[in-house]
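Structural features, examined
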Amino acid sequence: MIKYTVKRLLQSLVTVLIIVSIVFLLLRMLPTDYYFTEDQLIKFTDAQKHEQLEAAGLLDPIPVQLLHFYADIARFDFGESRRIQNGVPVVRVIGNKFGISMKMGIISVVISLIIGVGIGIFQTRHKDKLGDHIGTGYTVFVNAVPPLVSYSLVLIFGSRVLGLPQLYSTRDTVVSSILPIVCLSLGSIAWYAIWMRRYMIDEINREYIKLAKIKGLSEKQIMVKHVLRNAYVPLAQYLPGSLMLTISGSLLVERFFSVPGMGPLLTDSINRYDTNVVQTLIILYSTLSILGVFLGDILMMLVDPRIRLSDKGGSR
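**Considerations on the packing of helix 7 (residues 147-161) against helix 9 (residues 178-204)**
Two elements in contact, helix 7 and helix 9, have axes separated by 10 Å at closest approach and are oriented at 145 degrees. Handedness of the crossing formed by helix 7 with helix 9: right-handed. Touching Ser150, Tyr151, Val154, Leu155, Gly158 and Ser159 of helix 7 are Leu179, Val182, Cys183 and Leu186, all from helix 9. For the contact of helix 7 with helix 9, the per-class residue count stands at 7 nonpolar, 3 polar and no charged.

Below, the structure is given as structure tokens:
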């Protein structure tokens, strides 16, 4: 276990370094004019621009810049934003949006897990009956309809029927977060429901379940001790990744409800050529993605001790 953990952490570190290095090199291929704001481009002379670029180290050879970049990362110094919030440290720019996306995302994951798994279990218990057809209809609807259409339906129903705010407000974060959280949960509920149903039906049709029935175990015992336990294993692998990526926010939902979270930040920073923000977000997202996969493997092993995380045959 320890050997596997150390190996995966080293692999993860190398992967993150490769990703951020590629992004760094691509951003350095942009014209140096993108380093300056519009006012600076107008006011600065060529000599002043050269002086600013030299002070920022952008005229150094690329290998030297890359080494300085690694050193800054090691010190958790990600520089300052030059376009999103000029002169403000990138950590503060991201930190102001971090909490909003994380809170909404975690609540959404918890709601999705409880309702989605519950629907999946209900469909399995009532396979090919009305309840199963209703659950299948919901998953088909959510996956077939474009997200903006389903968000619009939620917005219309929530605002006109329930009287909920249409847009996010920092003055009343609890009530104004309800509709965005509902929209964030729609797709995840359908995902958990359809896969829980599939995994449970796969388990029910296995030979050991038939043997358990022959031995006289009740349906409840079979469901709890065997079917549910084994059906949870594949879902457990993806749960940490879902939680990790809640920090990144949702571009569509946060733009739709004007939520000042992490979702639109990456596209905004790319469109406005704020390279320090782009680099930091890439580091954050790649680290979260890789960490989510790693924690998923660990959680899967904890849920099912029969799984061994090693390189030997017959194991993961």
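**Focus on the nonpolar core**
Among the nonpolar cores identified, the biggest contains 19 residues, and Phe69, Ile94, Met262, Leu265, Val277 and Leu281 are the most heavily contacted of them. With 5 residues, the top contributor of residues to this core is helix 14 (residues 275-303). Residues Val109, Ala212, Leu228 and Leu239 belong to the second largest nonpolar core, which totals 15 residues.

**Focus on the confidence of the model for the chain**
Of the residues in the chain, 94% reach a pLDDT of 70 or more, and the chain-wide mean stands at 83. When the elements of the chain are averaged for pLDDT, helix 11 (residues 219-245) gives the smallest value, 75, and helix 7 the largest, 91.

**Topic: the packing of aromatic side chains**
Note on aromatic pairs: each is described by the distance of the centres and the angle between the planes. For the structure on display, the rule yields 7 aromatic pairs. Aromatic side chains Phe24 and Phe69 sit 4.7 Å apart centroid to centroid with 20 degrees between the ring planes, which places their arrangement in the stacked category. Note that Phe24 is positioned in helix 1 (residues 2-28) and Phe69 in helix 4 (residues 62-74), a separation of 45 residues in sequence. Here Phe69 falls in the buried class, since its relative accessible area comes to 9%.

**Here's the deal with unusual backbone geometry**
The phi dihedral of Asp128 falls on the positive side, at around 65 degrees, and the residue is not glycine. Following the sequence through the fold, Asp128 ends up in the loop between helix 5 (90-125) and helix 6 (130-144). One non-glycine residue, Ser258, adopts positive backbone phi at about 55 degrees. With respect to the helices and strands, the residue Ser258 is situated in the loop between helix 12 (251-256) and helix 13 (265-271). The partly exposed category is assigned to Ser258, whose relative accessible area is 43%.

**As for the environment of Gln279**
One can find Gln279 in helix 14. Take Gln279: its relative accessible area is 5%, and that puts it in the buried class. The spatial distance from the C-alpha of Gln279 to the C-alpha of Phe24 is 6.8 Å, given a sequence separation of 255 residues. Here Gln279 is in contact with Phe24, Leu27, Arg28 and Phe69, once residues within four sequence places are set aside.

What counts as what
- Residues numbered from 1 in each chain as written.
- Predicted model: local features only at pLDDT ≥ 70, side-chain atom pairs only at ≥ 80, totals over all residues.
- Heavy atoms only, no water.
- Axes fitted to C-alpha atoms, helices over the stretch in contact; angles between N-to-C directions.
- Helix = DSSP H or I, 4+ residues; strand = E, 2+ residues; numbered from the N terminus.
- Left-handed = near helix turned anticlockwise from the far one by under 90°.
- Contact = heavy atoms within 4.5 Å.
- Nonpolar A, V, L, I, M, F, W, Y, C, P; charged D, E, K, R; others polar.
- Core = buried A, V, L, I, M, F, W, Y, C linked by side-chain atoms within 4.5 Å.
- Buried < 20%, exposed > 50% of the residue type's maximum accessible area, 1.4 Å probe, protein only.
- pLDDT = per-residue confidence, 0-100.
- Phe/Tyr/Trp six-rings, centres within 6.5 Å; stacked < 30°, edge-to-face > 60°.

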